Amino acid sequence: MNASKVFFIFLISFLLIITSVNATGLSSEVNNLQLCPRETGLLTDTIRNDDVLTKSYDIQLSGSASSWAVSTQNSFILIPGQEKRIPVYVTPSNAAEFGNYNLKFDVTSQGETKSLLHVIKIKDCYGIDLSTISTEQTACPSDAVSYRVSVLNKGEFQDTFALSLSGDLAGNARLSQNVLTLNSGETKEVTIFVNSPV
């Protein structure tokens, strides 16, 4: 084999190695989470070094849900063929409103950045439903009447509800209970006692 053929083969091999330098595999076990405020969810993203060289990696989180997220590791080194699973914990704040939020998982190595986009859906986890059991009553002035109201916890967790009255007759009325603690899906009755105005 002459010297020019050997040089050409060496040059082609060298160029193939250079073109594979930034080969990084990026995948996720879960792309989306549905969470309540204050509930913690876990995303696990996997980075694989598909290169022939050892590489260092940096992780950065961004997007509208990034203030609720924390990565367990922000930088590391992988040898060729090695992969690393990176847990990312997401805990929406107590003030998080119902809706969809984005969390971008960026992996940078040697100037190349690859990204995964996660959608964090904040569920409507707290709710109450009031319905009257007894509605219309007839009373003479100064007579006391009562109305029964059903209170349902439509949320996903046990919750405590503070009850109050408002309106024109609020000063002439009182509740049988001002505070109710209900499990998810539980219903209790509250009685409203009203003294008819004179």
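Above this note sits the structure.
Residues numbered from 1 in each chain as written. Predicted model: local features only at pLDDT ≥ 70, side-chain atom pairs only at ≥ 80, totals over all residues. Heavy atoms only, no water.

**Side note on the side chain of Ser150**
Stated formally: Comment: elements are numbered from the N terminus, with helices defined as DSSP H or I runs of at least four residues and strands as E runs of at least two. Whether two residues are in contact is decided by their heavy atoms, any of which lying within 4.5 Å being enough.
Tracing the chain through its elements places Ser150 in strand E11 (residues 144-153). Sequence-distant contacts of Ser150, defined by excluding residues within four places in its chain, comprise Asp129, Leu130, Ser131, Ile133, Thr187 and Lys188.

**Quick look at a nonpolar patch on the surface**
Note the threshold: Only residues whose relative accessible area exceeds 30% and that form no salt bridge are eligible for patches; like-charged ones are grouped when within 9 Å, while nonpolar side chains (Val, Leu, Ile, Met, Phe, Trp, Tyr) are grouped when within 5 Å. Per-residue and other accessible areas follow the Shrake-Rupley method at a 1.4 Å probe size, with only the shown protein chains counted as cover for residues. Every case where a carboxyl oxygen of Asp or Glu lies within 4 Å of a side-chain nitrogen of Lys or Arg is listed as a salt bridge. A simple rule labels every residue: compare its accessible area, found with a 1.4 Å probe on the protein chains alone, to the largest value its type can have, and call it buried under 20%, exposed over 50%, or partly exposed in between.
Residues Leu42, Val70 and Tyr89 make up a contiguous nonpolar surface patch of about 260 Å² in total accessible area. Mapped onto the fold, Leu42 is located in strand E3 (residues 41-49). Take Leu42: its relative accessible area is 40%, and that puts it in the partly exposed class.

**Let's talk about the nonpolar core**
Quick note on the threshold: As used here, the term nonpolar core means buried Ala, Val, Leu, Ile, Met, Phe, Trp, Tyr and Cys residues forming a set that is joined through side-chain atoms within 4.5 Å.
Core analysis: the biggest nonpolar cluster contains 23 residues, and Ile47, Val88, Val90, Leu103, Phe105 and Ile120 have the highest contact counts within it. Going through the elements one at a time, strand E2 (32-35), E3, strand E4 (55-62), strand E6 (75-78), strand E7 (83-90), strand E8 (99-109) and strand E9 (112-122) are the ones with two or more residues in this core. Top contributing element to this core by residue count: E8, with four residues. Contacts of Val90, omitting those with residues within four sequence positions, involve Leu33, Leu35, Glu39, Thr40, Gly41, Leu43, Trp68, Ala69, Leu103 and Ile120.

**Re the packing of aromatic side chains**
The line we're drawing: Any two of the Phe, Tyr and Trp rings considered here, Trp counted by its six-membered ring, make a pair once their centres fall within 6.5 Å; the pair's planes then place it as stacked at under 30 degrees, edge-to-face at over 60, or tilted in between.
This model, assessed by the stated rule, comprises three aromatic pairs. Ring geometry for Tyr57 and Phe76: centres 5.6 Å apart, planes at 25°, overall stacked. With Tyr57 in strand E4 and Phe76 in strand E6, this residue pair connects regions lying 19 residues apart in the sequence. Taking the relative accessible area as the measure of exposure, Tyr57 reaches 0% and is therefore buried. Between Tyr126 and Phe157, the aromatic rings sit 6.1 Å apart at their centres with planes inclined by 35°, giving tilted as the arrangement. Of the two residues, Tyr126 sits in the loop between E9 and strand E10 (128-132) while Phe157 sits in the loop between E11 and strand E12 (159-162), which places them 31 residues apart along the sequence.

**Some words on the pattern of salt bridges**
Applying the stated criterion to the full structure yields six salt bridges. Residues Arg48 and Asp50 are paired through a salt bridge, measuring 2.9 Å at the closest nitrogen-oxygen approach. Given the relative accessible area of 34%, Arg48 is considered partly exposed. The class of Asp50 is partly exposed, set by a relative accessible area of 41%.

Read these as layout, nothing more, since geometry by itself doesn't imply function.
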